[in-house]
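Per-entry structural report
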Amino acid sequence: MYESQSTRTAFPLGRRWLPYSSYLRDRFGSRMYKVSLDAGFSCPNADGTKAKGGCIYCDNRSFSPIARHPERGSLRGQIEVGASRLIERYGPVRFLAYFQAATNTYAPVEQLRLLYDEALSHPNVEGLIIGTRPDCVPDPVLDLLEEYARTTYVSLELGLQSLSDEVLRWSNRAHTVDCFFDAMERARGRGIDLCAHVILGFPQEKGDVGLKMGEALGGIGLSGIKIHNLHVVRDTPLATLYQRGALPLPSIFEYASRAADVLERIEPSVAVQRLSGDAPGDWLVAPDWCRHKQLVLQAIEKELLYRDSWQGKFCRAEVH
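Before going into details, it helps to say that this report is about the structure given with it.

About the criteria used
- Residues numbered from 1 in each chain as written.
- Predicted model: local features only at pLDDT ≥ 70, side-chain atom pairs only at ≥ 80, totals over all residues.
- Heavy atoms only, no water.
- Pairing = 2+ DSSP bridges.
- Helix = DSSP H or I, 4+ residues; strand = E, 2+ residues; numbered from the N terminus.
- Axes fitted to C-alpha atoms, helices over the stretch in contact; angles between N-to-C directions.
- Contact = heavy atoms within 4.5 Å.
- Salt bridge = Lys/Arg side-chain N within 4 Å of Asp/Glu carboxyl O.
- Buried < 20%, exposed > 50% of the residue type's maximum accessible area, 1.4 Å probe, protein only.

If you walk across this open sheet you meet the 7 strands as β1-β2-β3-β4-β5-β6-β8, and the pairing is parallel. Edge positions in the sheet fall to β1 (32–37) and β8 (271–274), since each has one partner strand and no second. Looking at each pair of strands side by side, their axes are set apart by 25 degrees on average, direction ignored. As paired elements, strand β4 (residues 153–161) and strand β5 (residues 193–200) share 6 bridges and run parallel to each other. Its bridge partner lying in β5, G159 is registered against H197. Against the sheet, helix α4 (residues 139–149) touches β3 (125–132) and β4, its axis set at about 145 degrees to β4. Contacting β4 and β5, helix α6 (residues 177–187) runs over the sheet at an angle of about 160 degrees to β4.

Okay, structure coming up:
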């Protein structure tokens, strides 16, 4: 069974955190690439099972290239297209199939097995990355992922987003904070990489939200983390609020400070998969600064440098 934690504690030159690319290179012995997939899943907060309309900030088309095309095509076809583009740019490469759009465990186990098997049947695909909600990983689904993890790499992304149930209700997530920690508890020890997805910048949250997020996530057994700034994309309820002047957004400096607070409190072995949220130019409404990913990364790096700090400086003991 694959190990679920990296033992690496040294960061690449010029970084004060552990990038996911470095984590994967250590794991596989070479650079790995992700091919994003849309398997046609829905979400329980979009189809009426728990709520309607989906998250207040979400439009899958803004972050999933496949979702922006009306003809999605088969999984195999999506992999072939994604792989051909990467091969054309980089030469022979190895891939991870990234089930990205919507809630990618929101189906019966038998259907999930068919979809995951189809992705893994491609000769260049060497693992699965599965994005989902913490209320959509019942034990039979975790049993299935544990079965795959015995022979291949499996990463499970669980969307926490906020530590406030008030914020989760406001954003129409239709699950609770406790739901996330229950999912983490049941998923640990199965050989699966566990990644938490969080958003910083909700208007209800105070300036110390990053500190609280880092303290809550440090030491719970994560293998990865995605940290996004709250950003507004068109055709969403959040865009309507912003256009009415009812949505204050943090500056790049405020966001960098909060992200640094999180990084300081999670283990140095946790792979940082993202540190910024953005969208294609024609989809992004605000803030304008998140159009420039490198500027965001530089702002976080400068904040850590100013503090003489780094990922894991104040982390709690790891879970064993």
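What follows deals with the pattern of salt bridges. Taken as a whole, this structure holds 21 salt bridges when the rule is applied. The closest approach of N and O atoms between R94 and E126, which form a salt bridge, is 2.7 Å. Here the residue R94 occupies a position in strand β2 (residues 94–99), and E126 occupies one in strand β3, the gap between them amounting to 32 residues. Its salt-bridge partner being R186, residue D139 comes within 2.9 Å of it at the nearest N-O pair. Of the two residues, D139 is situated in helix α4 and R186 in helix α6; the sequence distance between them amounts to 47 residues. A relative accessible area of 35% means that D139 is categorised as partly exposed. Given a relative accessible area of 23%, R186 falls into the partly exposed group. Linked through salt bridges whose partners overlap, the residues forming this network are D261, E264, R265, E303 and R307.

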